[in-house]
Amino acid sequence: MKIKELEEKTGIGRAAIRFYEKQGLISPDRNKENEYREYSDEDESRLRKIIILRKLGFSVSEIQDLFEGSADLETQLASQIEILEEQKKELDGAIAVCRQLKNSSVTLDSMDPLYYWDEINRKEKEGYSFFEEMAADTQIALYKAVSQIEYSPGHGPRTPDLIWNPMDRTAKKIGSFWEKHSLIRIILVILILTASLAFVIAISGM
């Protein structure tokens, strides 16, 4: 089948299909007469599996490992569940305080910052997690910079693969180090943003 037919059958945009081809996740044959890509049923099935895993938050590199056999799905799913549970804790903590603020009908001027500062600290001791201000700002900036290169507008934005997921996975290991070395953190953020923007520009020029 041609790429247009594959788009229609799966609902996956052409840009996303091309992206996964460039990553080596799908490799359609070429028509010998006109050099057009010819997608097989196997390519379609593989593409659907890729999208399912991406919607579950797996990175492209993790999916490559699965297809290459260097990682198994059960282990990867267990790891992903842990990551998602941590993200859920962050959401639960933020939701709890947001509801408390809303139910109190406070305004920005009337909010007691010391009270809610202590409230967040108390909830953290209870096991809730909250977004780290620097990490959140960095993720938002990186998301805006690179999310468009992986999916077409019609398919919706997805988590940037090579930056967001590794940051989530390594945040636990280097969090304390970053807290003590704010200058290094700022420099690293600048370097990542610069590399991300350069990558977007390079992709756009293709």
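Just so you know, these numbers come straight off a predicted model, no measurement behind them.

(A) Representation of the packing of aromatic side chains within the structure. Using the criterion set out here, one finds 2 aromatic pairs in the structure. Aromatic side chains Phe19 and Tyr20 sit 5.3 Å apart centroid to centroid with 70 degrees between the ring planes, which places their arrangement in the edge-to-face category. Across the pair, exposure class does not vary: Phe19 and Tyr20 are buried alike. A ring pair is formed by Tyr115 and Tyr116, whose centres lie 4.9 Å apart and whose planes are at 85 degrees; its orientation type is edge-to-face. Taking relative accessible area as the criterion, Tyr115 reaches 41% and is therefore assigned partly exposed. For the cation-ring pair, Arg46 lies above Phe67, with the distance from its terminal atom to the ring centre recorded as 3.9 Å. The ring of Tyr128 has Lys123 sitting right over it, with the charged end atom 5.2 Å from the ring centre.

(B) Spotlight on helix α1 (residues 3–10). Every buried residue belonging to α1 is among Ile3, Leu6 and Thr10, and all of these are buried. Along α1, the residues classed as buried sweep out an arc of 55 degrees about the axis, all on the same side. Exposed residues pointing more than 90 degrees away from the buried face of α1 are listed as Lys4 and Glu8. In this structure, the buried residues of α1 make contact with α2 (14–22) and α3 (41–55).

(C) View of a nonpolar patch on the surface. A surface patch of nonpolar side chains, amounting to about 330 Å² of accessible area, comprises Ile52, Leu56, Leu73 and Leu77. Relative to the helices and strands, Leu56 resides in the loop between α3 and α4 (60–68).

(D) Region of interest: helix α6 (residues 113–125). Compared with the 18 Å implied by 1.5 Å per residue over 13 residues, the 18 Å span of α6 between its first and last C-alpha is a close match. On its buried face, α6 is in contact with α5 (73–103). Where α6 starts, the residue carrying a side-chain oxygen 3.2 Å from the main-chain nitrogen of Leu114 turns out to be Asp112. Following α6 by one or two positions, Gly127 has its phi on the positive side, about 115 degrees.

(E) Seen up close, the environment of Ala94. By secondary structure assignment, the location of Ala94 is in helix α5. The spacing of Ala94 and Ser129 is 35 residues in sequence and 7.8 Å in space, taken between C-alpha atoms. Once you skip the residues sitting within four places of it in the chain, Ala94 turns out to touch Ser129, Phe130 and Phe131.

(F) Geometry of the packing of α1 against α3. The N-to-C vectors of α1 and α3 enclose an angle of 45 degrees; their axes lie 11 Å apart at closest approach. Taken together, the axes of α1 and α3 are oblique relative to one another. For the pair α1 and α3, the crossing hand works out as right-handed. Contact residues: α1 offers Leu6, Lys9 and Thr10, while α3 offers Glu44, Leu47 and Arg48. Class assignment for the residues of the contact of α1 with α3 results in 2 nonpolar, 1 polar and 3 charged.

(G) Quick look at unusual backbone geometry. Notably, Ser105 is not glycine yet its phi reads approximately 55 degrees, a positive angle. Along the chain, Ser105 turns up in the loop between α5 and α6.

(H) Local environment of the confidence of the model for the protein. For the protein, the average pLDDT comes to 77, and 70% of its residues sit at 70 or higher. Contacts from residues 146–166, a stretch scored under 50 in pLDDT, to residues over four places away or in other chains number 58 contacts.

What counts and what doesn't
Residues numbered from 1 in each chain as written. Predicted model: local features only at pLDDT ≥ 70, side-chain atom pairs only at ≥ 80, totals over all residues. Heavy atoms only, no water. Phe/Tyr/Trp six-rings, centres within 6.5 Å; stacked < 30°, edge-to-face > 60°. Buried < 20%, exposed > 50% of the residue type's maximum accessible area, 1.4 Å probe, protein only. Lys NZ or Arg CZ within 6 Å of the ring centre and 35° of its normal. Helix = DSSP H or I, 4+ residues; strand = E, 2+ residues; numbered from the N terminus. Arc of directions from axis to C-beta. Contact = heavy atoms within 4.5 Å. Patch = residues over 30% accessible without salt bridge, like charges linked within 9 Å, V, L, I, M, F, W, Y side chains within 5 Å. Areas by Shrake-Rupley, 256 points an atom, 1.4 Å probe, with all protein chains shown as cover. Salt bridge = Lys/Arg side-chain N within 4 Å of Asp/Glu carboxyl O. Expected span 1.5 Å × (residues − 1). Polar contact = N/O pair within 3.5 Å; in protein donor to acceptor, adjacent residues only side chain to side chain. Axes fitted to C-alpha atoms, helices over the stretch in contact; angles between N-to-C directions. Parallel < 35°, antiparallel > 145°, perpendicular 65-115°, else oblique. Left-handed = near helix turned anticlockwise from the far one by under 90°. Nonpolar A, V, L, I, M, F, W, Y, C, P; charged D, E, K, R; others polar. pLDDT = per-residue confidence, 0-100.

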